[in-house]
Amino acid sequence: MKRTSRMLLILLAVLAMMAAACGSDDEAEAGGSEGTEAPGGTEAPSEGGEGASDAKAAFIMVAPIGDAGWNFMHNEGRLGAEEATGVETAYVDSIPEGSAEFDNAVQQFIDDGYNIIITTSFNYMDATEQFATDNPDVVFEHISGFKMNDTNFGNTFGRMYQPRYIAGMAAAAASETNRIGYVAAFAIPEVIRGINAFTLGAQAVNPDIEVEVVWTSTWFDPGVEGNAAQALIDNGADVLTMHQDSTATGEVATEAGATFIGYHSDMSAQVDAYLTAPVWDFTPRYTEILSSAAAGNFTPESFWGGIADGIVDIAIPDGSPVAAEMKEVRESIINGEFDVFEGEIIAQDGSAITDADGNLVVDLQDSFGNDIGAVGDALNDGILLGMSFFVEGVIGSAEG
Amino acid sequence: MNETTLIGLFVAVIEFGTLLYLAALGETIAEKSGVLNLGVEGMMAMGGVTAFWAGVETGNPWVGLLVAAVAGALVASVHGLVAVVLGGDQVVSGLALTILGLGLAAFLGEDLVQERARAKFGSLNLGPLNDIPWAGEILFDQTAVPWLALALGVATWFVFTRTRVGLILRAVGESAAAADSSGTSVVKTRMIAVMIGGALAGMSGAYLTLSLAPGWSEGTTAGRGWIALALVIFGAWKPGRVGLGALLFGGLLALEPRLQTFGVEISPILLSMLPYVLTVGVLVLLSVRSRNRPSVAPAAIGLAYRREER
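About the criteria used
- Residues numbered from 1 in each chain as written.
- Chains lettered and ligands numbered in written order.
- Predicted model: local features only at pLDDT ≥ 70, side-chain atom pairs only at ≥ 80, totals over all residues.
- Heavy atoms only, no water.
- Helix = DSSP H or I, 4+ residues; strand = E, 2+ residues; numbered from the N terminus.
- Rg over C-alpha atoms; globule rule 2.2 N^0.38 Å.
- Buried < 20%, exposed > 50% of the residue type's maximum accessible area, 1.4 Å probe, protein only.
- Areas by Shrake-Rupley, 256 points an atom, 1.4 Å probe, with all protein chains shown as cover.
- Lys, Arg positive; Asp, Glu negative; His and termini not counted.
- Charge placed at Lys NZ, Arg CZ, Asp CG, Glu CD.
- Contact = heavy atoms within 4.5 Å.
- Buried area = accessible area lost by both parts, 1.4 Å probe.
- Salt bridge = Lys/Arg side-chain N within 4 Å of Asp/Glu carboxyl O.
- Polar contact = N/O pair within 3.5 Å; in protein donor to acceptor, adjacent residues only side chain to side chain.
- Nonpolar A, V, L, I, M, F, W, Y, C, P; charged D, E, K, R; others polar.
- Right-handed = clockwise from strand over helix to strand, strands pointing away.
- Pairing = 2+ DSSP bridges.
- pLDDT = per-residue confidence, 0-100.
- Domains from an automatic or database assignment.
- Expected span 1.5 Å × (residues − 1).
- Axes fitted to C-alpha atoms, helices over the stretch in contact; angles between N-to-C directions.

Visitor: An account of the overall build of chain B is needed here, citing residue identities and associated values.
Guide: Counting its secondary structure elements, chain B contains twelve helices and zero strands. Compactness check: chain B gives a C-alpha radius of gyration of 20 Å against a globular reference of 19 Å for 310 residues, within 12% of the reference. Its C-alpha atoms put chain B at 60 × 45 × 40 Å along the principal axes. Residues counted as buried form 57% of the 310 residues belonging to chain B. Only carbon and sulfur atoms are counted for the fraction: they give 67% of the accessible area of chain B, which is about 12700 Å². In chain B, the 19 positive side-chain charges and the 20 negative ones have mean positions that sit 14 Å from each other.

Visitor: For the interface of chain A and chain B, give the residues involved together with the corresponding values.
Guide: Accessible area lost upon the coming together of the parts is a frequently used measure of interface size. The interface of chain A with chain B comprises 45 residues on the first partner and 46 residues on the second. Both sides together, the interface formed by chain A and chain B hides about 3800 Å², and carbon and sulfur atoms give 59% of it. Between chain A and chain B we count five salt bridges in total. One salt bridge in this structure joins D272(A) and R116(B), with 2.2 Å as the shortest N-O distance. One can count eleven residue pairs in polar contact (both at pLDDT 80 or more) joining chain A with chain B. When residues of the side of chain A that touches chain B are traced back to their parent elements, those giving at least two are α1 (2-32), β7 (210-215), α7 (222-234) and α8 (248-256) of chain A. Among the elements that line the side of chain A that touches chain B, the one with the most residues is α1(A), at 13 residues. Considered class by class, the residues forming the side of chain A that touches chain B number 23 nonpolar, twelve polar and ten charged.

Visitor: How would you explain the pairing of β7(A) if you had to name every residue and give the values?
Guide: All names here are of chain A. For β7, a buried count of five out of six residues is recorded, marking the element as mostly surrounded by other parts of the structure. After leaving strand β6 (residues 179-184), the chain enters helix α6 (residues 189-205) and then returns to the sheet as β7, a path that is right-handed. Pairing between β7 and strand β18 (residues 394-395): two bridges, direction parallel. Note that in β18 the partner of V211 across the bridge is V394.

Visitor: Describe the confidence of the model for chain A, and please don't skip the residues or the numbers.
Guide: Residue and element names in this part refer to chain A. Of the residues in chain A, 86% have a pLDDT of 70 or more, and the chain-wide mean is 88. Looking at the elements of chain A, mean pLDDT is at its lowest for α1, recorded as 49, and at its highest for helix α5 (residues 161-174), recorded as 98. pLDDT under 50 marks residues 20-52. Its contacts with residues more than four places away, or in other chains, come to 28 contacts.

Visitor: Can you tell me about the domain arrangement of chain A, naming the residues and giving the values?
Guide: All names here are of chain A. Looking at the assigned domains, one finds that chain A contains domain 1 (34-158 + 281-305) and domain 2 (161-280 + 316-395). The partner domain 2 presents 13 residues to the eleven residues of domain 1 that form the contact. For the pairing of domain 1 and domain 2, the buried interface totals around 1100 Å² over both sides, and the portion due to carbon and sulfur atoms is 70%. On the surface where domain 1 and domain 2 come into contact, there are zero salt bridges. Where domain 1 touches domain 2, the interface holds one residue pair in polar contact (both at pLDDT 80 or more). Of all the elements in the fold, those that place two or more residues in the side of domain 1 that touches domain 2 are α2 (70-85) and β5 (153-158).

Visitor: Tell me what's going on with the side chain of T247(A), and back it up with residues and numbers.
Guide: All names here are of chain A. Summarising the element assignment, T247 is placed in the loop between β8 (239-243) and α8. You can call T247 buried: its relative accessible area is 17%. If we ignore the near neighbours within four places in the chain, the residues touching T247 are M267, Q270 and V271.

Visitor: Which residues make up the pattern of salt bridges, and what values go with them?
Guide: Residue and element names in this part refer to chain A. Applying the stated criterion across every chain, the model contains 15 salt bridges over all chains. Two residues, E210 and R179, come together in a salt bridge whose shortest N-O distance is 3.6 Å. You can see E210 sitting in strand β7 and its partner R179 sitting in strand β6, a full 31 residues away along the chain. Looking at E210, the relative accessible area reads 34%, which means it is partly exposed. The salt bridge involving R330 is made with D313; its shortest N-O contact spans 2.9 Å.

Visitor: Residues and numbers for α6(A), please.
Guide: Residue and element names in this part refer to chain A. An ideal rise of 1.5 Å per residue puts 24 Å on 17 residues; α6 measures up with 24 Å between its terminal C-alpha atoms. The element α6 is extensively covered by neighbouring structure, given that twelve of its 17 residues are classed as buried. Inspection of α6 places V191, I192, R193, G194, I195, N196, A197, F198, T199, L200, G201 and A202 among the buried residues, and these make up the whole buried set.

Visitor: Describe the sheet that holds strand β12 (residues 302-305) of chain A, naming the residues involved and giving the relevant values.
Guide: Strands pair in a sheet through their backbones, by hydrogen bonds, and they do so in one of two ways: parallel or antiparallel. All names here are of chain A. Read from one edge to the other, the open sheet built from six strands follows the order β2-β1-β3-β4-β5-β12, with strand pairing classed as parallel. Looking along the sheet, the strands with just one partner apiece sit at the ends: β2 (88-92) and β12. Averaged over all pairs of adjacent strands, the angle between strand axes in this sheet comes to 20°, irrespective of strand direction. Helix α9 (residues 283-294) contacts β1 (56-60), β2, β3 (116-119), β4 (139-143), β5 and β12 of the sheet and is inclined by roughly 155° relative to β3.

Structure, rendered in structure tokens:
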């Protein structure tokens, strides 16, 4: 009796593991099969004798690619780059950060002959760096971090604050209560930068706009996100936006008859209240990495691209009363005439951060207390990447 | 803080309370029969995904709720088979059930992730009742599910304390051998209790994906099943107290982001810890108290019953 039950338990456990693993398994197979029809783009020089065909790229994702958010957009980028370059690609998803699974997955891909590894979550950074050191013949690209080396390890990120600014313009034009709700995950520079840019854009259309922020302390939890969104509606917001991975905020906006500005991808198919969204497009950047690595001339860089590079963008909603202004701003961002954080910037408490020339009038620290800028400095990328203050018009604490 | 935000808070308290109560009530029934089922999170996930699927297919949230109950009961029957029929370890089997349920739900729901939520529970329309200030919006502008949960809670209390069925259930949970010798089928009773528990956990998942946060994605249950488990202990295995606990824990979940809009600065991370801190506190109280009094926990909980080993 005892033995039978123990056997059954083991069977059950195995079944459970199979079920858990199933998802990623057949996805990976399906993913690899699409790029096999080698396209005409044979501009790769291939002096090594073997040609571009032995380049294989593997992508590591932190959550399921079906999440309509961050990971979904990376998979779209992978498929786009595969089609453009003919480089075979594969991926695994749901790999936790800082886990043995990550090491296993990367090592497995290397053992299987993959010579381009792209890791797409912030806390993969240190492990990716280590792998790059240990495998000098493999190209590594890490997304959303800041580390690199001189030979085979670079990083990529996008200036999402540019489309966020334009999204703020659309939001302000859609608001009648002059109050916009912003459901945000964590008080880190990336999110704070987005909130500030959004607020500046909204104020460019209507100086009376206030943006109220609620922190959820989670990237993905529809229950909490929806609750936060409802709290913002209860507090008077009639436009909602978010920096999260689910569409829960949009559901609440629809229910409340409010307007929803999404994030990551076009969510019009799922959310009735959807107006537009700042979106990611990793295809151009991944195409660049795959083709340069396949041609053997990959040069690591810290790539922080904007709308002009095609890595981020926003669809201008035709019905918006400020559609023309939004188009104009988008153009001037692309051709470099306008920068979101140029000119005078006032902090939440009304004190000045920069003067009219865009130079700091106070010393700035990041949230860890490290100095990132001194009086007189221009508001450069280093300050943007460590941004820990809210601009005027934001309601909520920048400390999370 | 004003009237609207306060009413909004109370509405959210009832919503999250309902979510927790359905699952915790089911677990209370299972544990009363002596079976600990740590698979609540997995059963909830299975309920959530099947309910959302049925909702998308039929457009009717009630069909979704029913399908979720059946799915939850079926998943629970796996635990029943291992832990009750075969006498396997309840803790191991329950944990395996969580992993199985979460994995299976993710697998089944792959194509549902970007699906529009077509079926949602609508608000009750009770005419004049809805117009009562405060109570109208808080109690009657809800969907029917919180009321259903309340009814189920009262029914469970009634069965536990006032009926022969309840007596048998409790006897099996206190001393399976004694119940067995009085002619009660321990296996049958426990199996039914576990499956009812699964059905309620499934309904909790359905409420999540069809009302509280319409939509499906892997990870939607986000650990609420574990809070429900803690809640059973917090409520000392009594349907009424578990209900009050559900409002308290649900209130903490509802408050988490809302405190910020009230201008109160408490770390949301600290708040999300509170249900567990409270549960540990209650556990300590219970064990201190039970030094000189019989424990409130079902005496046979976690113990497999095998007749030949009596």
